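Summary of structural features
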Amino acid sequence: ITTEMYQNTYNRIGLGRRVVEILPAESWASSPKVSETADVQETPFEETWEHFQTKYMVWFHLNRLDVLSGIGRFGILLMGFSDGKWDRPLPRGVGLLYLRALGEYYTTILKVEQDPSSPRFGRPTMYSVKMENGVDSSAKTLRVHWSRVLHVAEDCENSLIYGTPRMQPVFDRLMDAKKILAGSGEMFWRGGFPGLSFELMPGLADAEIDKTALKDEIENYQNGMQRYLTTVGLTAKSLAPQVADPTANYETILRDITITLGVPMRIFLGAEQGKLASSQDSKAWSSRLRRRQNNHVSSFLI
């Protein structure tokens, strides 16, 4: 499954977007609080941090990074500094200008540290980043040094830099859901009006049918404003509609997806934000969210 396939699925299939966004949405349901001490009175550090967070919208960009890093195998937070020397190590004393979260679709790892004695052994040292302006088809590609990037990957198995795309374990089920929904539309379109059957009247077995005239008559009836059929020697019968309810098949796929992801069905569907879920489901889900907030969000993002 290519990165482009994951990105297209996220962009065009709502169920795929939900799979990617469910964990970040629940993990970031409330913004984190940064405090230096337990005192109620704000310290200079806390005041500076709040000003910094407000100016650069840190929580927004980290939340976005959490989402985008799950589409493919990783994501980055690109930090733009005032020196503008993207491919150089970040020096001291330069000012931060902006933050921008990007997924793997727009990012390529060019080089990895090969020195076993380096603390960054096996980690990226240089990235290629495609910057699109969203206005036209033009895009600028930058070579970016690792010191100007926050690299985030989740569910890493045998790699330090590549995680598991959130859609990967359920990708086949997402394609099945796409088939059912697309097939349902086609089924209702074709099955709602399956067509007409024209039969010769008794005693006219040897009669010749003007097929061209009959075809024109049907075209005018189906595609025009004509609401009648002129049939000489023929009887027109409507074929029985052939429409099936796809609900059971679709719910089976949803159930398999939620089981694989470990998300209670009603929380995944957004039924009153999970308030209708059983107390046992809610308790287990809350515990999982706390683990993710501590082990991933706090450790690798914040």
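The notes below deal with the structure included here. (Residues numbered from 1 in each chain as written. Predicted model: local features only at pLDDT ≥ 70, side-chain atom pairs only at ≥ 80, totals over all residues. Heavy atoms only, no water.)

So, unusual backbone geometry
For clarity, the threshold we go by: The cut-offs for exposure are 20% and 50% of the maximum accessible area for each residue type, with area from a 1.4 Å probe on protein chains only; residues under the lower value are buried, those over the upper are exposed, and the others partly exposed.
One non-glycine residue, Met 57, lies in the positive phi region at around 50°. Given the relative accessible area of 45%, Met 57 is considered partly exposed.

Regarding the packing of helix 4 (residues 58–68) against helix 9 (residues 279–301)
We apply this condition: Only the contacting stretch of a helix is used when fitting its axis, a line to C-alpha atoms as for every element, and angles between N-to-C directions run 0 to 180 degrees. Each helix is a run of H or I in the DSSP string that is no shorter than four residues. Each strand is a run of E no shorter than two, and both are numbered from the N terminus. Our angle categories are set so that under 35 degrees counts as roughly parallel, over 145 as roughly antiparallel, 65 to 115 as roughly perpendicular, and the remainder as oblique. For any helix crossing, the convention is left-handed if the near helix is rotated counterclockwise from the far helix by under a right angle, and right-handed if that rotation is clockwise. In what follows, a contact means two residues having at least one pair of non-hydrogen atoms within 4.5 Å. Basically, the charged four are Asp, Glu, Lys and Arg, the nonpolar ten are Ala, Val, Leu, Ile, Met, Phe, Trp, Tyr, Cys and Pro, and anything else, Gly included, counts as polar.
Interaxial distance between helix 4 and helix 9 falls to 11 Å at its minimum, and their mutual angle equals 115°. One element, helix 4, and the other, helix 9, form an angle in the roughly perpendicular class. Our pair here, helix 4 against helix 9, has a crossing hand that is right-handed. Here Leu 62, Leu 65 and Asp 66 of helix 4 come into contact with helix 9, specifically with Arg 292, His 296, Val 297 and Leu 301. Split by residue class, the contact of helix 4 with helix 9 holds 4 nonpolar, 1 polar and 2 charged.

Overview of the environment of Leu 65
If you trace the backbone, Leu 65 turns up in helix 4. Among the residues examined, Leu 65 registers a relative accessible area of 0% and is labelled buried. Note: C-alpha distance between Leu 65 and Gly 75 (10 residues apart in sequence) is 6.4 Å. Contact partners of Leu 65, with chain neighbours within four places excluded, come to Gly 75, Ile 76, Leu 77, Ala 101, Leu 102, Leu 150, Val 152 and Leu 301.

What to know about the layout of surface pockets
How we decide: Think of a 1 Å grid over just the protein atoms. A cavity is a set of points where a 1.4 Å probe fits yet cannot get out, a pocket is an open set with protein on both sides within 12 Å along at least five of seven lines, and lining residues have an atom within 4 Å of a point. Grid points are joined across faces, edges and corners, and a volume is the space filled by probe spheres set on the points.
The space that makes up the largest pocket amounts to roughly 490 Å³. Along its surface, the largest pocket is lined by 21 residues, and Arg 123, His 151, Val 152, Ala 153 and Phe 300 are the ones closest to its centre. Among the residues making up the lining of the largest pocket, the classes are represented as 11 nonpolar, 4 polar and 6 charged.

Here's the deal with the pattern of salt bridges
Just so we agree on the cut-off: We count a salt bridge whenever a side-chain nitrogen from Lys or Arg sits within 4 Å of a carboxyl oxygen from Asp or Glu.
All chains considered together, the criterion is met by 10 salt bridges. Measuring nitrogen to oxygen at the nearest pair gives 2.7 Å for the salt bridge that ties Asp 83 to Arg 148. You can see Asp 83 sitting in the loop between strand 1 (75–81) and strand 2 (96–103) and its partner Arg 148 sitting in the loop between strand 5 (139–145) and strand 6 (149–152), a full 65 residues away along the chain. Residue class for Arg 148 comes out buried when judged on its relative accessible area of 1%. For Asp 176, the salt bridge is made with Arg 173, and the minimal N-O distance between the two is 2.9 Å. With Asp 176 and Arg 173 both in helix 5 (residues 171–192) and 3 residues apart, the pair spans about one turn of that helix. Owing to a relative accessible area of 22%, Asp 176 belongs among the partly exposed residues under this scheme. Judged by relative accessible area, which is 28%, Arg 173 ranks as partly exposed. Sharing partners across several salt bridges, the network here consists of Asp 66, Glu 154, Arg 166 and Arg 292.

Geometric descriptors of this kind do not, in isolation, establish any biological role.
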